[in-house]
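Here's the letter readout for the chains.
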Amino acid sequence: MREYLLKRIIVSIFILWVVVTLNFVIFQVVSPVSPEDTYLPLDLDIPPEVRDMMRELYGLNDPLHIRYIKYLRNMFTFDFGISFQSRTPVVVEMSRRLPATVLLLGSSMVATILVGTPIGILAASKRGSKTDIATIGAGLFTWGVPVFYIQLLFMLFFSYYFLKIFGVQLFPVRGIYSIPPPGNPIAFMVDVAWHIALPVITLVVGGFGSWALYTRNILLDALTQDYIVTARAKGLTERTVLYRHAFRSTLPPIVTIIALSIPGIITGAMITEWIFTLPGIGRWYLDALNGPDYPVLQAVLFMYAILTIFCNLIADLLYGILDPRIRVGVRR
Amino acid sequence: MASVFSADARKILLRRISEFWFEFRSKRIGLAGLALMLMYAGVAIFAPYLTPYNPMSQPRLAQAIAMPEWITVFPQFQEYGRTQRNTLNWQIVAGSDYIKNWGTTVDIQYAADNPELVQVALKSHFAYEQLAPNEFYTKFRYEVTNLTDVEYSMTLVLTPPDANGSWVFFKSPTLSAARSQDVTADSKDPLFIKLLGYDLQTNVGNIIFAQRGNYTFTMYLNLRALSGNAEAHILFKEAQIVLLGRVHGILGTDYLAKDIWSHIVWGSRISLIVGLLAAIVGTAIGIFVGVVSGYLGGMTDEVLMRTVDILLCLPLLPLLLALVHLYGRNVYYIVLFIAIFGWQGLARVIRSQTLSIRETPYIESARASGGSGFYIMRRHIVPNIIPVAFASMILAVPGAILFEAALSFLGFGDPRVVTWGMMLQHAFGFGGFSQLAWWWILPPGLAIIGLCLSFVFVGHAFDEIVNPRLRRRR
């Protein structure tokens, strides 16, 4: 087990190195934007001698391989430089923006799993029924419907039209808290919950279908196994067969898919943050693109890569731990 | 393809296709998807015949964010008018001595023997019988030539049907030089609103055209001869008043008063091109990598599969946004980027299939009879994986379409073409929501959903046929 762990970690670090190198190549080598502009804001009118000084200071006059090594060092020590737009260190700003993203994603993921899994189990236990067909339909639907469009529609109907017809702001359309924020901590939490309610609901509506379909398919796979036939032959109730025997064996792939879907969800939440003007990482990245704010872009891409690689690693390891059949490297 | 397949192989292929069609026919969802897909293809192909407007260059067709025309069947919108364009036809009121020609083009030839002041006046009527428009504009052109010792000024005045009061639409300073000018008085122009004497927030269209009946434009031209041999030649033409409609066309207009239906129709081309091209290129890469990796094995396999791992670890959307931002918002770059990052899953599936095919006896005998690796891959392996690859390609199309829509929605689409994602971006960013412009927000999204679902349905039906795992136990 330890050997496998070590091997996986080394491979992960290798992949991270490749991604950072790719980052370097994209932004510093083959980029149509000259490298010094990725350090200096484009709109800044700097005298040539100061520009030269800054080139020297940032090491842009060094040969490429020295710059590459410095770039690696900066990235891996989380020294991302100063944001062009806010003029604060990127790391500081990142820590300020993280809570909104974590809150949004954490609550929407938990809600999606809580809604989707039972529906998937229900569909699998009644294969061919109307529930099952509806679940397949909902799953296919998520394939063809952009989540951002669901969000736009919900916003249109439950915020704008609701306000027009009933005169009440049912859901706010922007921000993560009211301005000014309520002083009372409990009132503040309620206010935040009110603000992220619509983003979370729309993410669940857009995501529960595929989740339910996935659970259903895995469970159906499990239900066709021989040990289920054995369990039924023993005279166990259908309930026991479903939950004790079939569902338990679906846990490894489900946990794995949770870990594997986290990065996709996080990058996907970018659009959610954009639509609802939530001050999270995704919105920050999009604002940085429009800047352009190169230190922020490189930092966020790096963090996204770390996250993806980490989640892949966790998924691999969890799979090994949860599924005794593939407990890697362990002799029994 | 003819060189790849021998006559026998072609026969087998044809038989397989007809068998496949036999099975596909029984899948209702697949047939529905196919019908929908053909409908979209038809719209894309016949786009120029489905809409008279070019999506990229359109005159001002109606007011900004005008409702669809058919909304007037509902009683509360019954009075909403369409765009009304009136060419002004001038008649003489005063100064007939100098007017050589009148009608839509007025030709004034003025000459004087001694200093004097003369006023030439023209008028033109037009009828307006609809609910007051929110926007309107007036245009005309004057050309002053052959000018000697004449000072002139002109004033355009509108009188409402009840002749109670009037509005000055245009007033030139006193000029003494020859010049030509196109004059536009636009209800959106702050200077014009100021000239009319209203507050900038005022909807002047609602005030001026509140009455129904015959409106009258009067043009006063003051000519002052400064010496004994004064003369001037004045042409006054192309005058029109356009009262922009509150309703327009099949789906109304957007914030720039562009026809939404034409954008929907032409947008289908871009979506289909992006989806199909990205899926085809991505599938080709996936087949190539999967087959080579699976058949050759060893070091090649290891390198290719680690590349797949790395590509799967890249944060796709942010990276694509950065690439599009750096290399330019070009629709073909977007296709290429989507394709480059969209083949990894397929490559893994193809590789595992190749691995099992590789061990079959007929491959062994092909190898024993001296077939080269490339020959075996092309001749024996690729034909076997084509059904799976094809199903996967069809299922990759909606992904690519949605991705392009998301890019466009975030403002990273190609600005030279109209896409559905971009329409949503505009609706979101330029007041479609606060104005509750459902005719602007709903169509692009529904178009995306319909197109994607058609591919999902067909792909799902395909997958059920070619993928034995999904067949039900009977």
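All residue numbers refer to positions counted from 1 along the written sequence of the respective chain. Naming scheme: in the order in which they are written, chains are lettered from A and ligands are numbered from 1. Reporting in this predicted model follows two pLDDT cut-offs: at least 70 for local features of residues, and 80 or more for side-chain atom pairs to be given and counted; totals over whole chains, interfaces and linings ignore these cut-offs and use all residues. Think of the side-chain values as coming from all heavy atoms in the structure, minus any hydrogens and water.

Moving on, we get to the overall build of chain B. When helices and strands are tallied, chain B shows 14 helices and 11 strands. The globule rule puts the C-alpha radius of gyration for 474 residues at 23 Å, and the 34 Å found for chain B is more than 25% above it. Buried residues in chain B amount to 50% of all 474 residues. Only heavy atoms enter the contact rule, under which two residues are in contact if any of them lie within 4.5 Å. Put simply, of all contacts in chain B between residues at least 6 apart along the chain, 79% involve residues at least 24 apart. Working definition of accessibility: Shrake-Rupley area with a 1.4 Å probe, residue cover restricted to the visible protein chains. Entry remark: accessible area of chain B is about 22000 Å², with carbon and sulfur atoms responsible for 58%. Runs of E in the DSSP output that reach at least two residues are strands. Runs of H or I that reach at least four are helices, and both are numbered from the N terminus. Every radius of gyration here is taken over C-alpha atoms, with the globule rule written as 2.2 Å times N^0.38, N being the number of residues. For the exposure calls, accessible area comes from a 1.4 Å probe over protein chains only, and a residue counts as buried if that area is under 20% of its type's maximum, exposed if over 50%, partly exposed in between.

To continue, consider the domain arrangement of chain A. For chain A, the assigned domains are domain 1 (1-85 + 325-332) and domain 2 (99-290). Using C-alpha coordinates to define each centre, domain 1 of chain A is positioned 34 Å away from domain 2 of chain A. Domain ranges listed in this record stem from an automatic or a database domain assignment.

Looking now at the pairing of strand β7 (residues 150-159) of chain B. Residues and elements named next belong to chain B. Taking burial as the measure, the 10 residues of β7 include 9 buried ones, the bulk of the element. In this sheet, strand β10 (residues 213-225) lies alongside β7 in antiparallel orientation, the contact comprising 10 bridges. Each residue of the ladder has a partner; that of Glu151, found in β10, is Arg224. Paired strands, as defined in this entry, are two strands with at least two bridges between them according to DSSP. Both β7 and strand β8 (residues 167-171) contribute to a ladder of 4 bridges, which runs antiparallel. Its bridge partner lying in β8, Leu158 is registered against Trp167.

Further remarks concern empty space enclosed by the protein. Computed over the protein atoms alone on a 1 Å grid, cavities are sets of points where a 1.4 Å probe fits but cannot get out and pockets are open sets with protein on both sides within 12 Å along at least five of seven lines; a residue lines them when it has an atom within 4 Å of a point. Grid points are joined across faces, edges and corners, and a volume is the space filled by probe spheres set on the points. Counted under the stated rule, the structure contains 3 cavities of 30 Å³ or more. Surrounding the largest cavity, Val19, Leu22, Asn23, Leu301 and Ala305 of chain A together with Leu314, Pro315 and Leu319 of chain B form its lining. Per element, the largest residue contribution to the lining of the largest cavity is 3 residues, and it comes from helix α1 (residues 2-29) of chain A. Polarity classes work like this: nonpolar for Ala, Val, Leu, Ile, Met, Phe, Trp, Tyr, Cys and Pro, charged for Asp, Glu, Lys and Arg, and polar for all others, with Gly in that last group. Broken down by class, the residue content of the lining of the largest cavity amounts to 7 nonpolar, 1 polar and no charged. Each pocket or cavity is described by its volume, and for the second largest cavity that value is around 50 Å³. The wall of the second largest cavity is formed by Ile108, Leu122, Tyr142, Met154, Met219, Leu221, Ile234 and Phe236 of chain B. Among the elements of the structure, β10 and β11 (230-244) of chain B are those that each provide at least two residues to the lining of the second largest cavity. Among the residues making up the lining of the second largest cavity, the classes are represented as 8 nonpolar, no polar and no charged.

With that out of the way, let us pick up unusual backbone geometry. For the bond from Ile179 of chain A to Pro180 of chain A, the omega torsion is 0°, close enough to zero to count as cis. By the secondary structure assignment, Pro180 of chain A is in the loop between α6 (147-166) and α7 (185-223). Backbone geometry at Asn146 of chain B places phi at a positive 50°, although glycine is not the residue there. One can find Asn146 of chain B in strand β6 (residues 135-148). Unlike most non-glycine residues, Leu436 of chain B shows phi in positive territory, near 55°.

Further remarks concern the pairing of strand β4 (residues 106-112) of chain B. All names here are of chain B. The buried count for β4 comes to 5 of 7 residues, which makes it a mostly enclosed element. Where strand β3 (residues 99-101) and β4 come together, 2 bridges link them in antiparallel fashion. Bridge pairing links Asn101 to Asp107 in β4. With antiparallel pairing between neighbouring strands as the criterion, β3 and β4 make up a hairpin whose turn holds 4 residues, including Gly103 at a positive phi of roughly 120°. Both β4 and β11 contribute to a ladder of 7 bridges, which runs antiparallel.

Salt bridge, as applied in this entry: a Lys or Arg side-chain nitrogen positioned within 4 Å of an Asp or Glu carboxyl oxygen. Applying the stated criterion across every chain, the model contains 21 salt bridges over all chains. In this structure, the salt-bridge partner of Glu93 of chain A is Arg97 of chain A, at a minimum N-O distance of 3.3 Å. Linking Glu93 of chain A with Arg97 of chain A, this pair stays in helix α4 (residues 90-125), spanning 4 residues, or about one helical turn. Just as Glu93 of chain A is buried, Arg97 of chain A falls in that class too. Linking Glu359 of chain B and Arg358 of chain B is a salt bridge whose minimum nitrogen-to-oxygen distance equals 3.3 Å. Salt bridges sharing common partners tie together Arg60, Glu135, Asp186 and Lys188 of chain B.

Before going further, it helps to spend a moment on the packing of helix α6 (residues 260-296) of chain B against helix α12 (residues 373-409) of chain B. Residues and elements named next belong to chain B. For helices, the fitted line uses only the C-alpha atoms of the stretch in contact; every axis is such a line through C-alpha atoms, and the angle between N-to-C directions lies from 0 to 180 degrees. Interaxial distance between α6 and α12 falls to 6 Å at its minimum, and their mutual angle equals 145°. The handedness of the crossing between α6 and α12 is right-handed. Looking at the contact of α6 with α12 residue by residue, the class counts come to 21 nonpolar, 4 polar and 1 charged. Helix crossings fall into two classes, left-handed where the near helix is turned counterclockwise from the far one by less than a right angle and right-handed where it is turned clockwise.

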